[in-house]
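A structural walkthrough
Below, each chain spelled out in residue letters.
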Amino acid sequence: MLTSISITSLYVLDQDQALDFYVGKLGFQVQTDQQFGPMRFLTVALPGDPGHAVLLELPAPPSISPEIAETVRDLVTKGAGGGHLFFTTDDAHKTHATLKERGVDLPEEPVVQPYGIDFGLRDPFGNSVRIAQMTPPPGA
């Protein structure tokens, strides 16, 4: 049976710009950067979680038709491309400050929620990113 999710795909409009953001600003590491015919297979992962990679994929053939690719690109730029990443951190306030120092556009301050402290942002393409410092469940 299934045992884990190893790669999650996220549409980006420029893979080099995606590398700058995910590696240079968020702290990911490049896991795979390989050319497969017309497609660049580019995955990144957090240093402490190498078993969960994110495929930074261009909406383009051969995975989708040229017509659909144009629609997907338009949806991604509007923040409606379906790309969402959820991360956890040990300290939401410290992570927020570090990302701000690295030049990440942070439209939200950390907010206390019933499940912990979190904040959200968008990558340069419009994909949603949420970062949370989870509160342990009662009795844990």
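Note that the coordinates shown come from a computational prediction; the quantities given were computed from them, not determined experimentally.

**Brief notes about the nonpolar core**
- Y22, L56, L99 and L121 are the most contacted members of the largest nonpolar core, which has 28 residues in total.
- Elements that contribute at least two residues to this core include exactly α1 (15-25), β3 (39-45), β4 (53-57), α2 (66-77), β5 (84-88), α3 (92-101), β7 (116-122) and β8 (128-134).
- Ranked by the residues each element gives to this core, the list is headed by α1, at 4 residues.
- Beyond its immediate stretch of four places on either side in the chain, Y22 contacts L10, G27, F28, V44, L56, L85, D123 and V129.

**Observations concerning the sheet that holds β7**
- Across the sheet, which stays open at both edges, the 4 strands sit in the order β5-β8-β7-β6 with mixed pairing between neighbours. Two strands in the sheet have a free side with no partner beyond their single neighbour: β5 and β6 (111-113). Mean inter-strand twist for the sheet, computed between neighbouring axes without regard to direction, equals 30°.
- Pairing between β6 and β7: 3 bridges, direction antiparallel. Within β7, the position partnered with Q113 by the bridge is G116.

**Side note on the pairing of β5**
- Here β5 shows a clear split, with L85 and F87 buried on one side and none of H84, F86 and T88 buried on the other.
- Where β5 meets β8, 5 bridges bridge the pair, whose relative direction is parallel. When the bridges of β8 are listed, F86 appears paired with R130.

**Description of the packing of aromatic side chains**
- Applying the stated criterion to the full structure yields 4 aromatic pairs.
- On the basis of an interplanar angle of 90° and a centroid distance of 5.0 Å, the ring pair of F21 and Y22 is categorised as edge-to-face.
- On the basis of relative accessibility, which here comes to 5%, the residue F21 falls in the buried class.
- On the basis of an interplanar angle of 90° and a centroid distance of 5.6 Å, the ring pair of Y22 and F28 is categorised as edge-to-face.

**Remarks on the pattern of salt bridges**
- With the rule as written, the count across this model stands at 6 salt bridges.
- R40 is the salt-bridge partner of D33, the closest N and O atoms lying 2.8 Å from each other.
- The exposure class of D33 is partly exposed, given its relative accessible area of 42%.
- The shortest N-O distance in the salt bridge between R73 and E70 comes to 3.0 Å. Here R73 pairs with E70, and both are found in helix α2, just 3 residues apart, close to one helical turn.
- Members of the salt-bridge network, linked through shared partners, are D16, D33 and R40.

**Points about the UniProt feature "domain: VOC" (unreviewed entry) in the protein**
- Taken from the UniProt record, the annotation "domain: VOC" (unreviewed entry) applies to residues 4-134.
- Between the end C-alpha atoms of residues 4-134 there is a gap of 21 Å, over a span that is 25% helix and 36% strand.

**So, the sheet that holds strand β2 (residues 29-36)**
- The 4 strands are arranged β1-β4-β3-β2 in an open sheet whose pairing can be described as mixed. Looking along the sheet, the strands with just one partner apiece sit at the ends: β1 (7-11) and β2. If you compare each strand with its neighbour and ignore which way they point, the axes differ by 25° on average.
- Relative to β4, β1 runs parallel, the two sharing 5 bridges. Note on β4: the bridge partner recorded for T8 is V54.

So, how was this worked out
Residues numbered from 1 in each chain as written. Predicted model: local features only at pLDDT ≥ 70, side-chain atom pairs only at ≥ 80, totals over all residues. Heavy atoms only, no water. Core = buried A, V, L, I, M, F, W, Y, C linked by side-chain atoms within 4.5 Å. Buried < 20%, exposed > 50% of the residue type's maximum accessible area, 1.4 Å probe, protein only. Helix = DSSP H or I, 4+ residues; strand = E, 2+ residues; numbered from the N terminus. Contact = heavy atoms within 4.5 Å. Pairing = 2+ DSSP bridges. Axes fitted to C-alpha atoms, helices over the stretch in contact; angles between N-to-C directions. Phe/Tyr/Trp six-rings, centres within 6.5 Å; stacked < 30°, edge-to-face > 60°. Salt bridge = Lys/Arg side-chain N within 4 Å of Asp/Glu carboxyl O. UniProt positions renumbered as here; feature names shortened; annotations may be inferred.

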